[in-house]
Number of protein chains: 2
Amino acid sequence: MKKVALTEAFASFDEHWSPRLAGELNGQAVKLAKVEGEFVWHQHEDADELFLVTSGELRIEFQHESDVVLQEGEFVIVPQGIEHRPVAENEAKILLFEPSETRNTGNVETEQTRTELKEIE
Amino acid sequence: MKKVALTEAFASFDEHWSPRLAGELNGQAVKLAKVEGEFVWHQHEDADELFLVTSGELRIEFQHESDVVLQEGEFVIVPQGIEHRPVAENEAKILLFEPSETRNTGNVETEQTRTELKEIE
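What you see is a predicted model; the values in this text were computed from it and never measured.

A. Region of the structure containing unusual backbone geometry. All names here are of chain A. A positive phi is found at Trp17, a non-glycine position, where the angle reads about 55°. Tracing the backbone through its elements, the reader meets Trp17 in the loop between α1 (6-11) and β2 (20-25). On the accessibility criterion, Trp17 (10% relative accessible area) is buried.

B. Seen up close, the relation of the copies chain B and chain A. In the superposition of chain B on chain A (RMSD 0.0 Å, axial shift 0.0 Å), the rotation amounts to 180°. Here the symmetry operator amounts to a two-fold rotation axis. Most of the interface of chain B is mirrored in chain A, where 100% of its interface residues again form contacts.

C. Seen up close, the pairing of strand β3 (residues 28-38) of chain B. Residues and elements named next belong to chain B. Buried residues dominate β3, accounting for eight of its eleven residues. Judged from the five bridges that link them, strand β2 (residues 20-25) and β3 form a sheet pairing that is antiparallel. Across the sheet, Leu25 pairs through a bridge with Gln28, a residue of β3. Remark: two residues form the turn of the hairpin made by β2 and β3, two consecutive strands paired antiparallel; Asn26 in that turn has positive phi of roughly 55°. Here β3 pairs with strand β8 (residues 84-99) via ten bridges, running antiparallel. When the bridges of β8 are listed, Leu32 appears paired with Leu95.

D. Highlighting the interface of chain B and chain A. Tallying the contact residues gives 35 residues for chain B and 36 residues for chain A. With both sides pooled, the region where chain B packs onto chain A buries about 2800 Å², and carbon together with sulfur makes up 67% of that total. A salt bridge links Lys3 of chain A to Glu74 of chain B, with the nearest nitrogen and oxygen atoms 2.8 Å apart. Scanning the region where chain B abuts chain A turns up eleven residue pairs in polar contact (both at pLDDT 80 or more). For the side of chain B that touches chain A, the leading source of residues is strand β7 (residues 74-78) of chain B, giving five residues.

Analysis parameters
- Residues numbered from 1 in each chain as written.
- Chains lettered and ligands numbered in written order.
- Predicted model: local features only at pLDDT ≥ 70, side-chain atom pairs only at ≥ 80, totals over all residues.
- Heavy atoms only, no water.
- Helix = DSSP H or I, 4+ residues; strand = E, 2+ residues; numbered from the N terminus.
- Buried < 20%, exposed > 50% of the residue type's maximum accessible area, 1.4 Å probe, protein only.
- Least-squares fit on C-alpha atoms with pLDDT ≥ 70 in both.
- Contact = heavy atoms within 4.5 Å.
- Pairing = 2+ DSSP bridges.
- Buried area = accessible area lost by both parts, 1.4 Å probe.
- Salt bridge = Lys/Arg side-chain N within 4 Å of Asp/Glu carboxyl O.
- Polar contact = N/O pair within 3.5 Å; in protein donor to acceptor, adjacent residues only side chain to side chain.

Geometric descriptors of this kind do not, in isolation, establish any biological role.
Written out as structure tokens, the structure is:
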């Protein structure tokens, strides 16, 4: 049984919008990502998605409701089927909790799509 | 869609070993607990359990392997069927990810057992 230290885990990679796999349980995954700039609008048809900010600020935009702005230590759950776009003016570090098979760009495929996630070592 | 600020959420209750429900997604729950002292030895037959420490220090003891000591910003996943006992020498604040129906004391029932969790408001 191996613990994961978030600070060390985030220090192990630099790439933006490319989630790393930090752990799996009950068919769900804990993913860590560094993000900066605007991501693509997308939705997940069959998966709710939790965003927890561990450093910086993340704005999540929605098509039909107000943005949610998350600071360090704040999380939100985006329900399945809700189109959203994460945006970070400056680099932010985020923890995601979602089904293991959930694709970062959901229903769209772009150059930012990641399917085989690298694992945190 | 409502964000949860961990600092405010933890400030909303004082009871130890009594997890609060902070969110649910995909049949899983985000639970927050303040803990201090020794919990009961137990295991969860059908559920892996994630412990993330957000403040303080938590030691998780196991019957057949070394303890895991978690500091702030560290997590571990305890696989289903593994007997464990969380211990905090001083008050610690922890975030749990596990299936919504998972009972805090797992296979045992004690005065610390909680089944109907209060929600974070």
